[in-house]
Amino acid sequence: MRRIFRRLWMATILPGLLVPLSSPPVQGQSAPTGPTPAGQVTTLRTLDPHNMQQSRMDRLSGGLNQQIPFRMVTDSRERILVTDPFLSLVHVFDTKAGKRWQINGDHLQRMVFPTYIAVDAEDNIYISEPLRAKVTVFRPDGHFLRSIGSDHLFTPFGLAVDKSSRKLFVADHYRDEIQVYSLDGQFLQTIGSRGTAPGELLDPCDIALHHGVLFVLDRGNSRFQFFDLDGNSKGVWNFGDNQSPIAFAFDPAGNLFAVDTRSLGMLVLDPAGNLLSTFDPVRPYGQPRSTLYAPTVTSVAPSPDGSILALRPALTIDYLKLQSDVPAVADKPPTVQ
C-alpha cells in the first residue's frame, strides 16, 4: 500500500502541489505577454480566519491548524471552504457569522487527502479524493451524501458544477480527460482524450465554468483549453515562455486571475488572453526560474461581491480587484480563437 501511495504521489499529486522544474515547449500562438500591463490589482481587505470565533471542535483540537491550504470555493451563504490535503479536512469560514469550523467527514465517510472542491446550488460540497479515485459529496453541514465516479475515475483533480444543468465536471489527471456526471452520480460523457491536438489534453488540473464555457488548465500542454458544454474544443490560450499557471478563476468582467509559478505571484489576463496585470510577484516578470519556490498565493476563487479571493499559505485570504485602464465590460465572455 505504501508503494502504491508513493507512486501515485510522485506521478500525479506532487506536480500539482509544487512548482514544476520545467515546462514542455508549445506549438502555435502564445497568449500575448505585453511589456506594459494595462491595470493594477489592489487588495480591498484581508480575512484572517484566526480571528474568527472557534467552534467547539476547533477548541478541542487546540486551534486553527493548517499544513498546505490547497483550493477554495465560496457558497451562496458567503462561506469560504478551503481544502487542506495533509490534514484530510476542509476549513469552513462563515464570513457572515464570523465563525469557523471544519469538515473531515462523519461516521459514514471520512475524507482522505481532499484536494479540489466545488459546490452546487444547494451548497452541497463536492471534493476530489485522488487517493481514493472518487469525488465525495457532503451536505452543507458536513454530513456525507454520496460518492461519485468510483467506477470511472482514476485520479480526480479539478471540479466544476453547472448549476443550471445540474452536471458535475471532473478533470481526471491520469486519464487526460474530463468526465461529466449528473449531480446524483450518473456517468454522462467524457470530454477530451490524451494528446496535444485541439480537443486533446495532457495532465489536466484545475477547471472552471464561465458563461457556458468550460476552461481547462491543460498543464501538460502548457495552455488553457476551452470547450462548450457538449465537449467541443473552442480554442486554446498557450501560456507563453514566461507563464506557468497552476490555479485560476474569473472575475465578473471575464478577466482570468491565475497563480503563476514563473513569477511566483499572479497573472491577470483579459477575455482575449492579453496580459492586463501582475500581482505580488517574487521574481520580476519574465525572469528565468532557477530554484524551487512556492508561489505567494495558493489558490484563487470568485467572491460573491465581485472581487477575487486569493488564498495565502498562512491561511489568510485577500479580496482583490483589478483597477484597469481598459474599460470593463461586465460579464464579458472569453474570446475563443
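Before going into details, it helps to say that this report is about the structure given with it. Please read these numbers as outputs of a predicted model, since none were measured by experiment.

1. Section: the overall build of the protein chain
Okay, so step 1: Scanning the protein chain from terminus to terminus reveals 2 helices and 27 strands.
Okay, so step 2: Taken across its 337 residues, the protein chain has 54% of its residues classed as buried.
Okay, so step 3: Pairs at least 24 apart in sequence give 50% of the contacts found in the protein chain among residues at least 6 apart.
Okay, so step 4: When the accessible surface of the protein chain is split by element, carbon and sulfur atoms take 50% of a total near 14700 Å².

2. With respect to the nonpolar core
Okay, so step 1: Membership of the largest hydrophobic core comes to 31 residues, with the highest contact counts inside it found for Tyr-126, Leu-168, Phe-215, Phe-248 and Leu-256.
Okay, so step 2: Those residues in contact with Phe-248, other than ones at most four positions away along the chain, are Asp-206, Ile-207, Ala-208, Phe-215, Leu-217, Phe-224, Leu-256, Phe-257, Ala-258 and Val-300.
Okay, so step 3: Phe-257, Phe-279, Ala-310 and Leu-322 belong to the second largest nonpolar core, which has 16 residues in total.

3. Considerations on the environment of Asp-318
Okay, so step 1: Along the chain, the position of Asp-318 falls in strand 27 (residues 317-324).
Okay, so step 2: Along the sequence, Asp-318 and Ile-308 sit 10 residues apart, while their C-alpha atoms lie 8.0 Å from each other.
Okay, so step 3: With near-sequence residues (within four places) excluded, Asp-318 lies in contact with Thr-43, Arg-45, Thr-46, Ile-308, Leu-309, Ala-310 and Arg-312.
Okay, so step 4: Here the side chain of Asp-318 touches Arg-312 through a polar contact of 3.0 Å, side chain to side chain.

4. A few points about the sheet that holds strand 20 (residues 233-238)
Okay, so step 1: Judged by pairing direction, the sheet is antiparallel, and its 4 strands sit side by side in the order 17-18-19-20 without closing on themselves. Lying at the two open borders of the sheet, with one neighbouring strand each, are strand 17 (204-210) and strand 20. Between one strand axis and the next, the sheet turns through 20° on average, direction left out of account.

5. Concerning the environment of Val-82
Okay, so step 1: Following the sequence through the fold, Val-82 ends up in strand 4 (residues 79-84).
Okay, so step 2: A relative accessible area of 0% places Val-82 in the buried class.
Okay, so step 3: Considering only alpha carbons, one finds Val-82 and Leu-311, 229 residues apart in sequence, at a separation of 8.7 Å.

6. Considerations on the pattern of salt bridges
Okay, so step 1: Counting across every chain of the model gives 12 salt bridges.
Okay, so step 2: Residues Arg-77 and Asp-123 are paired through a salt bridge, measuring 3.2 Å at the closest nitrogen-oxygen approach. Residue Arg-77 is located in the loop between strand 3 (72-74) and strand 4, and its partner Asp-123 is located in the loop between strand 7 (117-119) and strand 8 (125-129); the two are separated by 46 residues in the primary sequence.
Okay, so step 3: Classification of Arg-77 by relative accessible area gives partly exposed; the value is 42%.
Okay, so step 4: Beyond isolated ion pairs, a larger network of salt bridges with shared partners links Asp-280, Arg-312 and Asp-318.

7. Notes on the pairing of strand 6 (residues 99-103)
Okay, so step 1: The pairing of strand 2 (residues 53-54) with strand 6 spans 2 bridges and is classified as parallel. Looking at strand 6, one finds that Gln-53 is bridged to Lys-99.
Okay, so step 2: Sheet topology note: the strand 5 (residues 89-94)/strand 6 ladder contains 5 bridges and is antiparallel. Along strand 6, the bridge assignment pairs Asp-94 with Lys-99.

8. Focus: the sheet that holds strand 5
Okay, so step 1: As summarised here, the arrangement of the 5 strands in space is 2-6-5-4-3, forming an open sheet in which the pairing is mixed. Sheet topology places strand 2 and strand 3 at the edges, where each strand pairs with a single neighbour.
Okay, so step 2: The sheet contact formed by strand 4 and strand 5 spans 6 bridges and is antiparallel. Note that in strand 5 the partner of Thr-83 across the bridge is Val-90.

9. A few points about unusual backbone geometry
Okay, so step 1: For Glu-78, which is not glycine, the phi torsion reads 65° and is therefore positive.
Okay, so step 2: Within the element layout of this structure, Glu-78 appears in the loop between strand 3 and strand 4.
Okay, so step 3: Overall, Glu-78 belongs to the partly exposed group, its relative accessible area being 34%.
Okay, so step 4: Residue Asp-123 is not a glycine yet carries a positive backbone phi of 70°.
Okay, so step 5: Here Asp-123 falls in the buried class, since its relative accessible area comes to 3%.

10. Examining the packing of aromatic side chains
Aromatic rings in a pair are described by how distant their centres are and how their planes are angled relative to each other.
Okay, so step 1: This structure, assessed with the given rule, holds 13 aromatic pairs.
Okay, so step 2: Between Phe-86 and Phe-113 the ring centres are 5.2 Å apart and the planes differ by 80°, which places this aromatic pair in the edge-to-face class. One end of the pair, Phe-86, is in the loop between strand 4 and strand 5; the other, Phe-113, is in the loop between strand 6 and strand 7, and 27 residues separate them in sequence.
Okay, so step 3: Since its relative accessible area comes to 37%, Phe-86 is described here as partly exposed.

Calculation notes
- Residues numbered from 1 in each chain as written.
- Predicted model: local features only at pLDDT ≥ 70, side-chain atom pairs only at ≥ 80, totals over all residues.
- Heavy atoms only, no water.
- Helix = DSSP H or I, 4+ residues; strand = E, 2+ residues; numbered from the N terminus.
- Buried < 20%, exposed > 50% of the residue type's maximum accessible area, 1.4 Å probe, protein only.
- Contact = heavy atoms within 4.5 Å.
- Areas by Shrake-Rupley, 256 points an atom, 1.4 Å probe, with all protein chains shown as cover.
- Core = buried A, V, L, I, M, F, W, Y, C linked by side-chain atoms within 4.5 Å.
- Polar contact = N/O pair within 3.5 Å; in protein donor to acceptor, adjacent residues only side chain to side chain.
- Pairing = 2+ DSSP bridges.
- Axes fitted to C-alpha atoms, helices over the stretch in contact; angles between N-to-C directions.
- Salt bridge = Lys/Arg side-chain N within 4 Å of Asp/Glu carboxyl O.
- Phe/Tyr/Trp six-rings, centres within 6.5 Å; stacked < 30°, edge-to-face > 60°.

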